[in-house]
Amino acid sequence: MPSRRTVLTAGTLFALSGCSALSTASARLAGVRLTNTGSATREFEFTVTVGRETVYDETHTVAADEDGATVELDDALPDRRGSITIATAIAGTDLSEATTFDDDNCYDVIVEYTGDDVVHWQSGSSDCDAFR
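So, how was this worked out
- Residues numbered from 1 in each chain as written.
- Predicted model: local features only at pLDDT ≥ 70, side-chain atom pairs only at ≥ 80, totals over all residues.
- Heavy atoms only, no water.
- Pairing = 2+ DSSP bridges.
- Helix = DSSP H or I, 4+ residues; strand = E, 2+ residues; numbered from the N terminus.
- Axes fitted to C-alpha atoms, helices over the stretch in contact; angles between N-to-C directions.
- Buried < 20%, exposed > 50% of the residue type's maximum accessible area, 1.4 Å probe, protein only.
- Contact = heavy atoms within 4.5 Å.
- Disulfide = S-S within 2.5 Å.
- Core = buried A, V, L, I, M, F, W, Y, C linked by side-chain atoms within 4.5 Å.
- Salt bridge = Lys/Arg side-chain N within 4 Å of Asp/Glu carboxyl O.

Peer 1: How do you make sense of the sheet that holds strand E4 (residues 70-72) when you look at a structure like this?
Peer 2: Sheet strands pair via backbone hydrogen bonds, and the direction of the pair is either parallel or antiparallel. Sheet architecture is open: four strands sit in the order E4-E1-E7-E8, paired in mixed fashion. Each edge of the open sheet is held by one strand with a lone partner, namely E4 and strand E8 (118-125). Strand after strand, the sheet turns through a mean of 15 degrees between neighbouring axes, direction not considered.

Peer 1: I tried to follow the pairing of strand E1 (residues 28-36) on my own but got confused; where do I start?
Peer 2: The two faces of a sheet get side chains in turn, since along a regular strand they alternate between them. Burial runs high along E1: eight of the nine residues are buried. When E1 meets strand E7 (residues 106-113), the two strands line up parallel, connected through eight bridges. Considered in E7, the bridge of threonine 35 is made with glutamate 112. Sheet topology places E1 next to E4; three bridges connect them, and they run antiparallel. Across the sheet, the residue bridging to leucine 34 is valine 71, located in E4.

Peer 1: I would appreciate a short explanation of the environment of tyrosine 113 in the present structure.
Peer 2: Tracing the chain through its elements places tyrosine 113 in strand E7. Separated by 79 residues in the primary sequence, tyrosine 113 and leucine 34 place their C-alpha atoms 8.1 Å from one another. Once you skip the residues sitting within four places of it in the chain, tyrosine 113 turns out to touch Thr35, Asn36, Thr37, Gly38, Arg42, Phe44, Ile90, Leu95 and Val118.

Peer 1: Where do I start with the state of the cysteines in this structure?
Peer 2: Each disulfide consists of one covalent bond between the sulfur atoms belonging to two cysteines. In this structure the tally under the stated criterion is one disulfide. Note that cysteine 106 is cross-linked by a disulfide to cysteine 128, the S-S spacing being 1.7 Å. On the sign convention where negative is left-handed, the bridge of cysteine 106 and cysteine 128, at about 100 degrees about the S-S bond, is right-handed. With cysteine 106 in strand E7 and cysteine 128 in the segment after E8, the pair connects residues that are 22 residues apart, well separated along the chain. In this structure cysteine 106 comes out as buried when scored by relative accessible area, which is 2%. In this structure cysteine 128 comes out as buried when scored by relative accessible area, which is 8%.

Peer 1: Would you take a moment to explain the nonpolar core for this structure?
Peer 2: If you look at soluble globular proteins, the nonpolar side chains tend to sit buried side by side. Residues Leu29, Val32, Leu34, Phe46 and Val48 are the most contacted members of the largest nonpolar core, which totals 23 residues. For this core, the secondary-structure elements that each account for two or more residues are E1, strand E2 (42-50), strand E3 (53-62), strand E5 (84-90) and E7. If sequence neighbours within four positions are ignored, leucine 29 has contacts with Val48, Leu77, Ile84, Ile86, Phe101, Cys106, Tyr107 and Val109.

Peer 1: For this particular structure, what's the right way to read the pattern of salt bridges?
Peer 2: The full count for this structure, using the stated rule, is three salt bridges. Here aspartate 79 ties to arginine 28 by a salt bridge, and the two come within 3.1 Å at their closest N and O atoms. Residue aspartate 79 is found in the loop between E4 and E5, and its partner arginine 28 is found in strand E1; the two are separated by 51 residues along the sequence. Residue classification places aspartate 79 among the exposed residues on the basis of a relative accessible area of 59%. Arginine 80 serves as the salt-bridge partner of glutamate 53, at 3.1 Å between the closest nitrogen and oxygen. Separated by 27 residues along the polypeptide, glutamate 53 in strand E3 and arginine 80 in the loop between E4 and E5 bring together distant segments of the chain. By relative accessible area, which is 42% here, glutamate 53 ends up partly exposed. A residue is classified by how much of its surface remains accessible, and arginine 80, at 31% relative accessible area, is partly exposed.

Structure (structure tokens):
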């Protein structure tokens, strides 16, 4: 007959494994802005993956900061929920950045090319309307 400790340990492991199996991320993207604070126009290769499916994969030309250009992708992004990974590469450089959102929040993201780095700045909220 199994000991009480064995039964409790097995029951706890079973319960925890069930919770994690039922728990799925439902993150969302409220919007993404591409900004270039560098001194030259750059091509941003921007990808959004939800789960294992690439749902957005586009290249955008963003002028240098002195030209005041920002590319907003809000309307172009698919309205999908899940574990979301955004990835940005700057064409012609070795610079890239990837960020994964695997919770239940909604995110507003600014992708900034600084001239020597690419950074994902993000704000998260439980309500996507907070970013509208």
